[in-house]
Amino acid sequence: MAKTIETDFDFQSVARIVNLPDATLPQHPATFAQLNALVEGLAWKDSTRVSTTANLNLASPGATVDGITMVAGDRMLVRAQTSGLENGIYVWNGSAVAATRALDASTFPELEQAVVTVEEGTNAGSTFRQTVLNGTLGVTTITWAAFGTSAPSASETTAGIAEIATQAETDA
């Protein structure tokens, strides 16, 4: 017979809950082993400066990506290509120079469960995870999905964070 305990416990940093069974329902506490198993499968990558929001000409990407002026060596998450085979993490080499796949994301195994955070642009502060397994680079579509609790910028078609203009911005 289960007992309901309706009080808070303060262990004062001197005790642990031991022999906790693995969680099986959303409101069950997770064990350390369950959390490690979840995190170990992820391949955390260095952040990217920007993320694409539309198809990008990778052979000649232009001087700006998502409104941000790029500098040689900047990393960019390319996730909106017309051909999903081209999606991935790239290095911007110049406005009229082909972008190259980042060294830590240049093979499909390196992209499996890859997680990357975007620093600037429309998706600043957002984190994305590559969700396709057991693929072949150049053959398999590479898919990036929002990861964690980040929210994109709001638009007419996307729910997210809306920015309010300052009075100086409104006056300008």
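Up top you'll find the structure we're talking about.
Analysis parameters
- Residues numbered from 1 in each chain as written.
- Predicted model: local features only at pLDDT ≥ 70, side-chain atom pairs only at ≥ 80, totals over all residues.
- Heavy atoms only, no water.
- Pairing = 2+ DSSP bridges.
- Helix = DSSP H or I, 4+ residues; strand = E, 2+ residues; numbered from the N terminus.
- Salt bridge = Lys/Arg side-chain N within 4 Å of Asp/Glu carboxyl O.
- Buried < 20%, exposed > 50% of the residue type's maximum accessible area, 1.4 Å probe, protein only.
- Phe/Tyr/Trp six-rings, centres within 6.5 Å; stacked < 30°, edge-to-face > 60°.

**Student:** Is there a simple way to explain the sheet that holds strand β7 (residues 100–101) in this structure?
**Tutor:** Sheets are built from strands paired through backbone hydrogen bonds, the pairs being either parallel or antiparallel. Taking strand neighbours across the sheet as the criterion, the four strands line up as β2-β5-β6-β7 in an open arrangement whose pairing is mixed. One side of each edge strand has no neighbouring strand; the edge strands of this open sheet are β2 (50–51) and β7. Both strand β6 (residues 88–91) and β7 contribute to a ladder of two bridges, which runs antiparallel. Bridge pairing links V91 to T100 in β7.

**Student:** How should the pattern of salt bridges be read in this particular structure?
**Tutor:** When the charged atoms of two side chains lie near each other, side chains of opposite charge can form a pair. A full pass over the atoms with the stated rule returns three salt bridges. Here E120 and R49 are joined by a salt bridge, their closest N and O atoms 3.0 Å apart. Placement of E120 in the loop between β8 (114–117) and β9 (127–130) and of R49 in the loop between β1 (43–44) and β2 is noted, with a sequence separation of 71 residues between them. D104 serves as the salt-bridge partner of R75, at 3.1 Å between the closest nitrogen and oxygen. Residue R75 is found in strand β5 (residues 75–78), and its partner D104 is found in the loop between β7 and α2 (108–111); the two are separated by 29 residues along the sequence. Relative accessible area serves as the criterion here: at 16%, R75 is assigned to the buried category. Classification of D104 as partly exposed rests on a relative accessible area of 24%. Beyond isolated ion pairs, a larger network of salt bridges with shared partners links R49, D74 and E120.

**Student:** What's the story with the packing of aromatic side chains in this structure? I'm lost.
**Tutor:** The geometry of an aromatic ring pair is captured by two quantities: the separation of the ring centres and the angle between the planes. Under the defined criterion, the tally for this structure stands at one aromatic pair. Note on W44 and F147: the rings are 5.9 Å apart at their centroids and 70° apart in plane angle, and the pair reads as edge-to-face. Taken as a pair, W44 in strand β1 and F147 in the loop between β10 (144–146) and α3 (167–171) lie far apart in primary sequence, 103 residues in all. Look at F147 and you get partly exposed, because its relative accessible area is 24%.

**Student:** I'm lost on the sheet that holds β10 in this one. Help?
**Tutor:** Overall, mixed pairing links the four strands, which are arranged β1-β8-β9-β10 in an open sheet. What marks the edges here is a single partner per strand, and that holds for β1 and β10.

**Student:** Help me out: how do you make sense of the environment of S126 in this one?
**Tutor:** On the secondary structure map, S126 appears in the loop between β8 and β9. Overall, S126 belongs to the buried group, its relative accessible area being 2%.

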